[in-house]
Amino acid sequence: MSKIQNVRGTYDLYGDNKRKTKKVIQTASNVVERYGFEEIETPIFEFTEVFARNLGDTSDIVTKEMYTFEDKGGESLTLRPEGTAGVVRAFVSNGLLSSVPVKFYYAGPMFRYERPQKGRQRQFTQFGVEMLGVETPEADIDMISMAYSFLKELGLDGDITVEINSLGDKESRDAYRAKLISYLKEHINELSTESQERLEKNPLRVLDSKDERDQKALIGAPLYQDSLNESSKSFFQAVLKGLDLLGIPYKVNNRLVRGLDYYCHTVFELTTSQLGAQGTVLAGGRYDGLVEEMGGGKVSGIGWACGVERLSMLLKEDIKRKRPIAVIEVGDDTKDEALKIAYDLRNEGCYVEHFYSGNFKKRIMKANKANACQAVIIGSEELQKGVVTLKNLDSGNQKEVLISKLKEEIKNEF
Ligand code: ATP
Ligand code: MG
C-alpha cells in the first residue's frame, strides 16, 4: 500500500508547534476578554452565498480560493475562508440587533485554495474579533490598541509595525475610485494582466497587488488622503489622535487597502519584517455596510483577524511542558499501590507520569526523560509503615513522607 500523506498546504500540529499556537490563542483570548469580548463559535461551513455575496465577487478569495462543494442534498456549501462573514451572518440570524454593541471573538480553522509556501497554508488558524454597533472612532482606537497589546504580550512588539489608512466613507471612496481608474487607464500597458482585468471592476485592488510591474506603475498614483471628504478626514484624525494618546506607534500608509469589498474608514495591518512576503500577521478594518448587506439593518462593524501559525512562527523560545511528578514502584509487589497513588494525585490536580513498564532503574531514566521534578518512590517495606520516598530529582534530596501527607509534601518543594 502506498504511503498516505496529508493534503498539500495542510499540517499536523503537535509538540512545541502545537504549544505555540495554543499560546497565541490563549494570549489573544485573555487580552480581548479584558476588553469585554465573548467567544462565539460559528460553523466551519456556510451556504456559499454567505461568502460570495459579502466578500465581493471580485475578491481573490471568492474568485480563486474558496473550497466550495455540493452536499448530498444539492446545496452549495463553502468551507469558511475567513471569519467575519460567518459572525455577521450569526448576528443577523440570531436576531442580535437589539443587543448592540456586540463584541465577539473566535478562533478556528479557515480554508483557502492558495499556493502553499512558508506562512501560507490551505488550512490555517485565525483568531479574530468583531465589534458590531459602534460607529465612533473610539471603537477603532480600542480595536487597534487591543491588537497591539496582544502582540506586545506575546513579546513581539519590538518587531511589529502598525500600518494604518483610511478609505473614508462611500462618497470619498467613490471619488477616489474615479480618480484611480483614470490614472490607471493612462498606465494600462505598464500593469500586470491581472490588474488590467481588475481595473474597471475593482481598481482598489490594484493597490494591493504584490506584482512588481503594478507597484512601479503605481508610483505616481493619486493618494487616498486627497479624496477624503471632511467628515472622513476628521474621523481618521480622531483615530490617530487616540493612538497618539495611548502611545501606540503607527505608520500611515496611503497605499494600504484591504482585499475585501466591505471595508470603509479605518483599515490597518500589523506587519513583521521576518516572514518575507507573508509579513502581515494581523489585519482588519471597519465594515459599516456589511450587516445591512446581510439583511441585518444599519449596524456598523469593525474587526481584525490574525494568522495564528504566522504568529507562532515568530515565537523564538520553545514552550516547555509543565514538569510532572513521577510515580515509581520499586517492584511488582507495589504496582497496585503505585497505580492508586498516581490516580489519587491526579484527582487532586497534580500532573503525574506513571510508567507502564521497566524495572526501577529504567523507570528513573524515564522520569528524567519526562523532565519530572519529583519522584514518588514506592517500596514494599516503606509501604508497611504507610510511607513512601519523595525525591527531588534536581537536587537528589529525598525524604520519607506519610502517604496521607503526600500532596502537602509535594507542594512544599524541598
Ligand atoms: P495575504 O495578503 O497574506 O494573502 P490576506 O489579506 O489574504 O493576507 P486576511 O484575509 O486579512 O489575509 O487574513 C488575516 C490574516 O490571516 C493574515 O494577515 C495572515 O496572517 C493570515 N492568513 C491569511 N491567509 C493565510 C494563509 N493562507 N495561510 C496562513 N495564514 C494566512
Ligand atoms: Mg490572501
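Just so it is clear, the structure is predicted and the values come from calculations on it, not from any experiment.

1. Looking at the sheet that holds strand β2 (residues 45-47)
A sheet is described by the order of its strands in space; here three strands give the open sequence β2-β4-β3, paired in antiparallel fashion. The two strands at the open ends of the sheet, each matched to only one other strand, are β2 and β3 (67-70). Taken pair by pair, the neighbouring strands of this sheet meet at an average axis angle of 35 degrees, ignoring direction. With four bridges joining them, β3 and strand β4 (residues 76-79) adopt antiparallel strand pairing. Counted as the bridge partner of Tyr 67 is Leu 79 from β4. Packed on one face of the sheet, helix α2 (residues 48-55) meets β2, β3 and β4 and runs near 75 degrees to β2.

2. Focus: α2
The set of residues buried in α2 consists of Thr 48, Val 50, Phe 51, Asn 54 and Leu 55. Those residues of α2 that are buried are in contact with β2, α3 (60-65), β3, β4, α4 (84-93) and α11 (290-293). Two residues or fewer past α2, Gly 56 is found with a positive phi of approximately 95 degrees.

3. Looking at the packing of helix α5 (residues 137-153) against helix α10 (residues 230-246)
Axis separation between α5 and α10 bottoms out at 9 Å; the angle between their running directions is 45 degrees. Comparing the axis directions of α5 and α10 gives the class oblique. When you trace α5 past α10, the crossing you get is right-handed. Residues Pro 137, Asp 140, Ile 141, Ile 144 and Ser 145 of α5 form the contact with α10, whose participating residues are Phe 235, Ala 238, Val 239, Gly 242, Leu 243 and Leu 246. Within the contact of α5 with α10, the residues separate by chemical class into eight nonpolar, two polar and one charged.

4. What to know about the nonpolar core
Val 88, Leu 132, Leu 180, Leu 184 and Tyr 224 are the most contacted members of the largest nonpolar core, which has 45 residues in total. Where this core is concerned, the elements lending two or more residues are α2, α3, α4, β5 (102-111), β6 (123-132), α6 (170-186), α8 (204-207) and α11. If we ignore the near neighbours within four places in the chain, the residues touching Leu 180 are Pro 203, Leu 204, Leu 207, Ala 221 and Pro 222. If you look at the next biggest cluster of nonpolar residues, it comprises 42 residues, including Val 162, Ile 164, Leu 282 and Trp 304.

5. Regarding the layout of surface pockets
Of the voids in this model, the second largest pocket is the one considered here, and its volume is about 530 Å³. Looking at the lining of the second largest pocket, the elements that each hand over two or more residues are α1 (15-34), β6 and α12 (308-314). Tallying contributions element by element places α1 first for the lining of the second largest pocket, with six residues.

6. Focus on unusual backbone geometry
The omega angle of the peptide bond from Val 100 to Pro 101 is 0 degrees, so this bond is cis rather than trans. Secondary-structure assignment places Pro 101 in the loop between α4 and β5. Positive phi, close to 45 degrees, is recorded for His 265, a residue that is not glycine. Along the chain, His 265 turns up in strand β9 (residues 264-272). The exposure class of His 265 is buried, given its relative accessible area of 10%. Of note, Asn 371 is a non-glycine position whose phi angle comes to about 60 degrees, a positive value. For Asn 371, the location among the structural elements is in the loop between α14 (360-369) and β14 (374-378).

7. Regarding the environment of Val 401
Looking at where Val 401 falls in the secondary structure, it is placed in strand β16 (residues 398-402). Judged by its relative accessible area of 3%, Val 401 is buried. In this structure the C-alpha to C-alpha distance between Val 401 and Val 376, which are 25 residues apart in sequence, comes to 9.5 Å. Once residues within four sequence positions are removed from consideration, Val 401 is found in contact with Gly 386, Val 387, Val 388, Leu 390, Leu 406 and Glu 409.

8. Here we look at the site of ligand 1
As a matter of local geometry, ligand 1 sits amid 16 residues, with Arg 112, Glu 114, Arg 120, Gln 121 and Arg 258 nearest to it. Take Arg 112: an N or O atom from its side chain is 2.8 Å from an oxygen atom of ligand 1. Interatomic distance of 3.4 Å between a backbone N/O atom of Val 281 and an oxygen atom of ligand 1. A total of 590 Å² of accessible area belongs to ligand 1 in isolation, and the protein chains cover 87% of it. Listing elements by their share of the shell around ligand 1, those giving two or more residues are β6, β10 (280-286) and β11 (301-307). Looking at the shell around ligand 1 element by element, the count peaks at four residues for β10. Among the residues making up the shell around ligand 1, the classes are represented as five nonpolar, five polar and six charged.

Cut-offs applied
Residues numbered from 1 in each chain as written. Chains lettered and ligands numbered in written order. Predicted model: local features only at pLDDT ≥ 70, side-chain atom pairs only at ≥ 80, totals over all residues. Heavy atoms only, no water. Pairing = 2+ DSSP bridges. Helix = DSSP H or I, 4+ residues; strand = E, 2+ residues; numbered from the N terminus. Axes fitted to C-alpha atoms, helices over the stretch in contact; angles between N-to-C directions. Contact = heavy atoms within 4.5 Å. Buried < 20%, exposed > 50% of the residue type's maximum accessible area, 1.4 Å probe, protein only. Parallel < 35°, antiparallel > 145°, perpendicular 65-115°, else oblique. Left-handed = near helix turned anticlockwise from the far one by under 90°. Nonpolar A, V, L, I, M, F, W, Y, C, P; charged D, E, K, R; others polar. Core = buried A, V, L, I, M, F, W, Y, C linked by side-chain atoms within 4.5 Å. 1 Å grid on protein atoms, 1.4 Å probe; cavity = no way out; pocket = protein on both sides within 12 Å on 5 of 7 lines; lining within 4 Å. Points joined across faces, edges and corners; volume = space filled by probe spheres on them. Near = heavy atom within 4 Å. Polar contact = N/O pair within 3.5 Å; in protein donor to acceptor, adjacent residues only side chain to side chain. Areas by Shrake-Rupley, 256 points an atom, 1.4 Å probe, with all protein chains shown as cover.

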